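# A structural walkthrough
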Amino acid sequence: MTPANQARQLVEVDSIEIHVLVNDEIDLISPSPNPLVEHTQSFAGVPLSPVPDPAARGGAKLEMPMRNICCGAHGLSLFITATKDSVSKTLLFDAGPEEEVFERNATRLRLPMGDVGAIALSHWHRDHSGGLLSAIRLINSKKADGSQVVVALPPDRPDYRGVMFDAPVSLEPDPSLLEIENAGGKIETVHNACTVLDDMFFISGDIPRETSYEGGIPSGIRYSAQTGRWTTDELIMEERYVMCKIKDKGLVIFTGCSHAGLINIARNAREVGSSPIHSIVGGYHLADASPEKMENSMRDLMELEPSLLMPGHCTGWRFKGLIEKEMPGRMAPIFGGIKYSL
Ligand SMILES: [Zn+2]
Ligand SMILES: [Zn+2]
């Protein structure tokens, strides 16, 4: 990791490919509505398997078994490959909610896991960290040189996170640092912004919270084993975003859950990246937003003039509907199992 107060050293890449390994929704059929992104459609990305006895099937040699189709799950994991001058680097952004989901989808998609040079975790929430140990083991097992994958983690892992209703409701714990090390991960804690993988990927530091209407998770809490107490934790201050820059196109911003706020993230990315925003890919976390928050977010999003919007995970159908209404044709929502080329 190279420290980066600004993203000046972020290398401009020629192209980016995004395989969506885990996402809440799947849609293997729809075409791309925005010419700035190409993606597989009409089941084209689903791997085919050989038919054992083609003669009994009228000569069909290949079939598309349902077990080859990627499954949806609440969470996010993106397998991102950036290429410059024929050199490619791959970063895994988040790992989805469960080990079984990660393994199942990685196997079904037949992705070259050994190519992953680094994993970046957006924040400490189980729907992003639950598959992390599986991801580390799978990646390391495919590395011919026996090297260990770098795992870039946000600081300040809570013992538990949860939400306060009448009483606290806890999430499962995120993998501990010891578990991550024991799985074979080479931990690098991202205290400040940095670049990784030959400066092709930027990982942010703390994201300034500047808008008046993006306040994190209402009633969010964290538990400390040391104090034995749950305390308020709505802002998820350790959240990080990942960013690339495509030559002649601009910034590609990857958001995990956008607890920091979609607009806070996009504004910070544009400021540190000093370039126009090409696209915003990932969770926008507006599924449960009030109409006022959605309207404010939409207004400020339009002012940022992104060329392409690729919402997924926790964005919610209401905000996706609003984008399509206000910025028709600009959005290509992400779906599990699909490969997107920018
Ligand atoms: Zn979250
Ligand atoms: Zn999430």
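Residues numbered from 1 in each chain as written. Chains lettered and ligands numbered in written order. Predicted model: local features only at pLDDT ≥ 70, side-chain atom pairs only at ≥ 80, totals over all residues.

One non-glycine residue, Ser42, lies in the positive phi region at around 50 degrees. Inspection of the secondary structure puts Ser42 in the loop between strand S4 (38–39) and strand S5 (49–50). For Ser42, a count of 10 C-beta atoms within 10 Å puts it in the exposed group. Of note in this structure, Asp85 is not a glycine but carries a positive phi near 50 degrees. Looking at the secondary structure, you find Asp85 in the loop between strand S7 (77–84) and strand S8 (87–93). Since 7 C-beta atoms lie within 10 Å of it, Asp85 is described here as exposed. (Helix = DSSP H or I, 4+ residues; strand = E, 2+ residues; numbered from the N terminus. Buried ≥ 20, exposed ≤ 12 C-beta atoms within 10 Å, placed from the backbone.)

Here we take up the pairing of strand S3 (residues 15–22). Where burial is concerned, most of S3 is hidden: 6 out of the 8 residues are buried. Judged from the 7 bridges that link them, S3 and S7 form a sheet pairing that is antiparallel. Looking at the pairing, Ser15 lines up with Thr83 of S7. Across 3 bridges, S3 lies against strand S22 (residues 339–341) in antiparallel orientation. Looking at S22, one finds that Glu17 is bridged to Ser341. (Pairing = 2+ DSSP bridges.)

Read across the open sheet, the 4 strands follow the order S12-S11-S16-S17; overall the sheet is antiparallel. Strands with a single pairing partner mark the edges of an open sheet, and in this sheet they are strand S12 (168–170) and strand S17 (229–232). Taking each pair of neighbouring strands and ignoring which way they run, the sheet shows an average axis angle of 40 degrees. Relative to S17, strand S16 (residues 220–224) runs antiparallel, the two being bridged by 4 bridges. Bridged to Ser224 within S17 is Arg229. (Axes fitted to C-alpha atoms, helices over the stretch in contact; angles between N-to-C directions.)

The next thing to look at is the sheet that holds S3. Within the open sheet, the 8 strands sit side by side as S4-S22-S3-S7-S8-S9-S10-S13. Their pairing is mixed. In this open sheet, the two strands that pair with only one neighbour each are S4 and strand S13 (186–189). Helix-sheet contacts for helix H1 (residues 99–109) involve S3 and S7, and the interaxial angle to S3 is about 130 degrees. (Contact = placed C-beta atoms within 7 Å.)

Turning to the nonpolar core, a few remarks are in order. Soluble globular proteins: nonpolar side chains tend toward being buried together. The biggest cluster of nonpolar side chains holds 87 residues, and the ones touching the most others in it are Ile119 and Ile253. In this structure, Ile119 is in contact with Leu92, Ala95, Ala135, Val149, Val151 and Ala152, ignoring residues within four places of it in sequence. (Core = buried A, V, L, I, M, F, W, Y, C linked by C-beta atoms within 7 Å.)

What follows concerns the environment of Asp248. Relative to the helices and strands, Asp248 resides in the loop between strand S18 (242–246) and strand S19 (250–255). Separated by 28 residues in the primary sequence, Asp248 and Pro276 have C-alpha atoms spaced 9.8 Å apart.

Between two packed helices, the angle of one axis relative to the other and the distance separating the axes together describe the packing. Here helix H6 (residues 291–304) crosses helix H7 (residues 317–326) at 45 degrees, and the two axes come no closer than 11 Å. With respect to H7, the axis of H6 lies oblique. You can see that H6 and H7 cross each other, and the crossing is right-handed. On the side of H6, the interface is formed by Met294, Met298 and Met302, while H7 contributes Arg318, Phe319, Leu322 and Glu326. Taken together, the residues that form the contact of H6 with H7 break down as 5 nonpolar, no polar and 2 charged. (Parallel < 35°, antiparallel > 145°, perpendicular 65-115°, else oblique. Left-handed = near helix turned anticlockwise from the far one by under 90°. Nonpolar A, V, L, I, M, F, W, Y, C, P; charged D, E, K, R; others polar.)

It is worth spelling out the pairing of strand S9 (residues 116–120) at this point. In terms of burial, S9 is largely enclosed, as 5 of its 5 residues are buried. Bridge count between S8 and S9: 4 bridges; the pairing is parallel. Across the sheet, the residue bridging to Phe93 is Ala120, located in S9. Crossover handedness for the path S8 to H1 to S9: right-handed. Relative to strand S10 (residues 150–153), S9 is paired through 3 bridges, and the arrangement is parallel. Looking at the pairing, Ala120 lines up with Ala152 of S10. (Right-handed = clockwise from strand over helix to strand, strands pointing away.)

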